[in-house]
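Single-letter residue listing:
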Amino acid sequence: MKSSEVTRRQARIVKKRLEPTREYLIQLRRRMNKRGFHADDELMGLVIAADLAIQSLCNYLTIRSREGPTAPSAEPPSVGISKRALEIRDRQQGNR
């Protein structure tokens, strides 16, 4: 199986199961900061790396749950761009 075959439903389920772990890691980082762990401490580094990895995975699954069983598009959907701006962009791309 490939990631492009993951359905929206499957992506939502996995993300929902990961969210409590992500929340735990966020709380753990805060507690470690309050206890005075240094940024270069080995344990702190591993906790940060785990948090960032799960955050990245959750972000990917969020995209997958919106776009369905196809790979995420190369060009993200335009947000906040007016119809007129899109027409101008399309016209410019046609002139190239």
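Residues numbered from 1 in each chain as written. Predicted model: local features only at pLDDT ≥ 70, side-chain atom pairs only at ≥ 80, totals over all residues. Heavy atoms only, no water.

### Points about the overall build of the protein
- Along its length, the protein carries three helices and zero strands.
- Mapped in sequence order, the helices and strands of the protein form the string α-α-α.
- Across the protein, contacts joining residues at least 24 apart in sequence account for 61% of those joining residues at least 6 apart.
- For the protein, the accessible area works out to roughly 7,800 Å², and carbon and sulfur atoms hold 54% of it. (Helix = DSSP H or I, 4+ residues; strand = E, 2+ residues; numbered from the N terminus. Contact = heavy atoms within 4.5 Å. Areas by Shrake-Rupley, 256 points an atom, 1.4 Å probe, with all protein chains shown as cover.)

### A look at the confidence of the model for the protein
- Looking at the protein as a whole, its pLDDT mean stands at 82, while 77% of the residues score no less than 70.
- The secondary structure element of the protein with the lowest average pLDDT is helix H3 (residues 83-95), at 72, and the one with the highest is helix H1 (residues 8-34), at 94. (pLDDT = per-residue confidence, 0-100.)

### Here's the deal with the pattern of salt bridges
- Going through the model one piece at a time under the given rule, you end up with three salt bridges.
- Between Lys15 and Glu19 there is a salt bridge, with the nearest N and O atoms lying 2.5 Å from each other. Highlighted residues: Lys15 and Glu19, both in helix H1, separated by four residues, approximately one helical turn.
- Exposure remark for Lys15: the relative accessible area of 22% places this residue in the partly exposed category.
- Classification of Glu19 as partly exposed rests on a relative accessible area of 34%.
- Asp51 is paired through a salt bridge with Arg29; the nearest N and O atoms lie 2.7 Å apart. Placement of the pair is Asp51 in helix H2 (residues 42-67) and Arg29 in helix H1, with a sequence separation of 22 residues.
- Put simply, Arg22, Arg29 and Asp51 are held in one network by salt bridges that share partners. (Salt bridge = Lys/Arg side-chain N within 4 Å of Asp/Glu carboxyl O. Buried < 20%, exposed > 50% of the residue type's maximum accessible area, 1.4 Å probe, protein only.)

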